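# Geometric and topological summary
Single-letter residue listing:
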Amino acid sequence: MNKPRISVGLGSCGMAAGANAVYRRLETILMEGKAEFELKRTSCLGMCYNEPLVAVLDERGEFLYGKIHEESAGKLIEEHILKGNTLKGHLVSGKDVFFGSQVKIALRNCGVIDPESIDEYIDTGGYEATRRIIREKISGAELTGIITRSGLRGRGGGGFSTGKKWEFARNINSDEKYLICNADEGDPGAFMDRSLLEGDPHAVIEGIIIAGLAIGANKGYVYVRAEYPLAVRRLKKAIKQAEEKGFLGKGVFQSRKDFKVEVFLGAGAFVCGEETALIHSIEGARGMPRHRPPFPAQSGLWGRPTVVNNVETLANVAWIIRNGADKYAAYGTENSKGTKVFALAGKVRRGGLVEVPMGVTINEIVFGIGGGIPEGREFKAVQLGGPSGGCLPASLAGTPIDFDSLRKTGAIMGSGGMIVMDETSCMVNIAKYFLEFTREESCGACTPCRLGTKHMLDILEDITEGRARKEDLDTLTDLAEGIKRTSLCGLGQTAPNPVITTLEYFRREYWEHISEKKCRAKQCRKLISYFIDPDKCAGCRVCYKKCPENAISGDKDKVHVISQDDCTRCGICIRACPRKYSAINCLPGQA
Amino acid sequence: MSMPVNSEIKERLNGIFNAFAGKGNELIPVLQSIQEEFGYLPGEAMKHAARFLKIPESTVFGVASFYSQFRFSPAGKHIIKVCHGTACHVANAGEITEKLETRLKIKDGETSDDGLFTLESVACVGCCSLAPLIMVDDEVYGKLDPVKAARIVSRLSRTHGEKQEQ
């Protein structure tokens, strides 16, 4: 074996945690000639809770080190490379637990290869599938057949059969067809598409080429959020590399087929994740959805047949062609084949990007991979699918993750955001949070969504501020059902889901807000109160000085009192009270 | 920040328009380039864009106002984006916005009087394991609380103060 190889995970989240400084430090060490090793950049391994991550590969094996910062980088070289030990305290021992039950298909190369090197992608078998399609003249019908048989369903949230979608577009005669990769990842709490584009852009490009060949398209677009600068940069670089190799452009892989891919930067509108809205956006208009049919597969971009596929969907395609539909379909459940990537975050010990076979339970992800809830708190709920999804209580966490089981609970698979909540999260507040989001992002094209979400939000605000009456819950339910049934596009049709599911599973909490004027999670300000414990207060005046409302009275060395009329429940006093006294309590309910 | 005068806008726009064919469907990339150049979309520039793309001014403004990326007044020297994604929300991102509002004496979406800071709420930066977090320009600061967030702002304004004194 040659020199040890050190790779630094340089995805957005790694960089945010300081990976760039680590890389530069290692570069300096290398230049100064203090140690010999090969330095390499990779992207996100998905182990966000341990960022920045550094992997060392030498004759002793592969070692993964977490939470390596600028200073510990020097120590790592000294201990591991020069002395032949390992760097204690940083070695990731939870590696098996975190990765144990994961199956990486879409994320197969993320965090492993250098995303800016097309040769590394090729070395892993990349572009082999496309080359074979061209060489063996595999027809579009055969390709769509393979994808249909694999059971791959759209990973953006819709869950429609990818093969069938291709089939519709393939069967229509047109001199121009388009393939659009939807990378307008707007769900708060979801970052799988960003990670894929940052970590393995060529897998997505190869998916686009294969999909293009299957439907007979000659042009592809990647519609990507402008808020993802690193993903955009790596994607553009990858497209350029693929063009230089002759994989894209005129006569791909020396065939007579032309295929170009262009990047289009989304300008920030959540509704553009809806395919007809996205198409309008590329055409230079306001991103508003329209009635379907006609479906984009019949009449899409510039009125031509267009297939819109999500990033993760496309990242699976080349793998399926190379390994066969059966191998993909061997993972998963009867109607949900393969794997799904989830962005695990919130109140969980090991948050990150995980890929699991369909059919594993929420519990297995939260506790098995995620390591459970930190600080000994209780697992309360999990939010799936972002603003279009729902909150499932801990009691339903045995639900297997597949399209149909989740739909039965009222939540949806969605794009794959999975936010874990403990008892400090208020479910009414979460419902309100998502309604604020959808109200803001509603494009205004149809009345149920434009006015309905606003009306629902008003009621939720009343509930969280103690003004609601019990009839309001019925109005909320009626509105939710109506908006779901009558909205024009997916945004409106799914916007009530967070409310419907929390009403179903956490009705008691709504009820407490309304009748007892109490927020048990202590999140809704109008429904909590702060008190000073007279037995503990030392009269130190710290809270008195910090209170911005002058709501605290009391002389030095005397017990202080909070005036409930003046208090705005900002919580500054509870943070200000010296730990040795801890005299201030926050209680659910109005004083 | 001073607003550029019309003649100057026109000159800078010519450089931008050269990269485009002048077709209506190029509107969004054209607006993005204009914003990249000026830091916002000056009204005059939108009028020129309408003429260049041969579409009504109302269409240009209609599209520009639809997308959250576009702004119609100059932003501060530093843009502070407070992430309000779900993970940040459950980690009390609201308190961070509140604290920064008091610290900068502005409301969410506004620019401070000294022109140094613009405060914005964004849906999700996608670094959920660092929640709650803010992004100042391109730098992410994670695992914050209101006090730490305010300290970052204070540090930045101090460096500007020092520069002015020199």
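Residues numbered from 1 in each chain as written. Chains lettered and ligands numbered in written order. Predicted model: local features only at pLDDT ≥ 70, side-chain atom pairs only at ≥ 80, totals over all residues. Heavy atoms only, no water.

### Remarks on the confidence of the model for chain B
All names here are of chain B. For chain B, mean pLDDT is 91; residues scoring 70 or higher make up 95% of the total. The spread of mean pLDDT over the elements of chain B runs between helix H7 (residues 146-165), the lowest at 85, and helix H4 (residues 57-66), the highest at 97. Model confidence for the complex is summarised by a pTM of 0.94, with the ipTM given as 0.91. (pLDDT = per-residue confidence, 0-100. Helix = DSSP H or I, 4+ residues; strand = E, 2+ residues; numbered from the N terminus.)

### Regarding the packing of helix H17 (residues 427-441) of chain A against helix H21 (residues 497-505) of chain A
Two numbers describe a pair of packed helices, the interaxial angle and the distance between the axes. Residue and element names in this part refer to chain A. Here H17 crosses H21 at 170 degrees, and the two axes come no closer than 8 Å. By the criterion of interaxial angle, the relationship of H17 to H21 is roughly antiparallel. Contact residues: Met-427, Ala-431, Phe-434 and Leu-435 in H17; Pro-498, Val-499 and Thr-502 in H21. Taken together, the residues of the contact of H17 with H21 sort by class into 6 nonpolar, 1 polar and no charged. (Axes fitted to C-alpha atoms, helices over the stretch in contact; angles between N-to-C directions. Parallel < 35°, antiparallel > 145°, perpendicular 65-115°, else oblique. Contact = heavy atoms within 4.5 Å. Nonpolar A, V, L, I, M, F, W, Y, C, P; charged D, E, K, R; others polar.)

### Some remarks on the interface of chain A and chain B
Each side of the interface is counted separately: chain A has 48 residues, and chain B has 32 residues. Note on chain A versus chain B: buried area summed over both sides is about 2,900 Å², and carbon and sulfur give 58% of it. Among the residues chain A hides against chain B, the three largest losses belong to Ala267(A), Arg286(A) and Tyr433(A). Together they make up 19% of the total. One can count 2 salt bridges joining chain A with chain B. (Buried area = accessible area lost by both parts, 1.4 Å probe. Salt bridge = Lys/Arg side-chain N within 4 Å of Asp/Glu carboxyl O.)

### Section: the sheet that holds strand E13 (residues 417-422) of chain A
All names here are of chain A. Spatial ordering of the open sheet is given by E10-E9-E13-E11-E12, a layout of 5 strands whose pairing is mixed. Two strands close off the open sheet at either side, each with one partner strand: strand E10 (352-357) and strand E12 (390-393). The mean angle between the axes of side-by-side strands here comes to 30 degrees, regardless of whether they run parallel or antiparallel. The pairing of strand E11 (residues 379-384) with E12 spans 4 bridges and is classified as antiparallel. (Pairing = 2+ DSSP bridges.)

### A closer look at the domain arrangement of chain A
Residue and element names in this part refer to chain A. On domain assignment, one finds that chain A holds domain 1 (5-93), domain 2 (118-329), domain 3 (339-422), domain 4 (427-516) and domain 5 (527-588). Relative placement of domain 1 and domain 2: their C-alpha centres are 34 Å apart. Taken together, the contact between domain 1 and domain 2 spans 9 residues of the former and 8 residues of the latter. Across the domain 1/domain 2 interface, buried area totals approximately 570 Å², and carbon plus sulfur atoms make up 50% of it. Ranking the residues of domain 1 by area buried against domain 2 places Ser-12, Lys-40 and Ser-43 at the top, with a combined share of 52%. (Domains from an automatic or database assignment.)

### With respect to the environment of Ala576(A)
Among the structural elements, Ala576(A) can be located in helix H24 (residues 572-576). If we skip the residues at most four places from it in the chain, Ala576(A) touches Val542(A) and Lys546(A).

### With respect to the pairing of strand E9 (residues 339-346) of chain A
All names here are of chain A. For E9, the buried fraction is high: 7 of the 8 residues fall into the buried class. Direction of pairing for E9 relative to E10: antiparallel, over a ladder of 6 bridges. When the bridges of E10 are listed, Phe-342 appears paired with Val-354. The hairpin formed by E9 and E10 contains 5 residues between the paired strands. In terms of strand pairing, E9 meets E13 through 4 bridges, oriented parallel. From the neighbouring strand, Ala-343 faces E13, where its bridge partner is Gly-417. (Buried < 20%, exposed > 50% of the residue type's maximum accessible area, 1.4 Å probe, protein only.)

### Observations concerning the side chain of Thr361(A)
Residue placement: Thr361(A) occurs in the loop between E10 and helix H15 (362-369). For Thr361(A), the residues in contact, after removing those within four places along its chain, are Ala397(A), Gly398(A), Thr399(A), Pro400(A) and Ile401(A).

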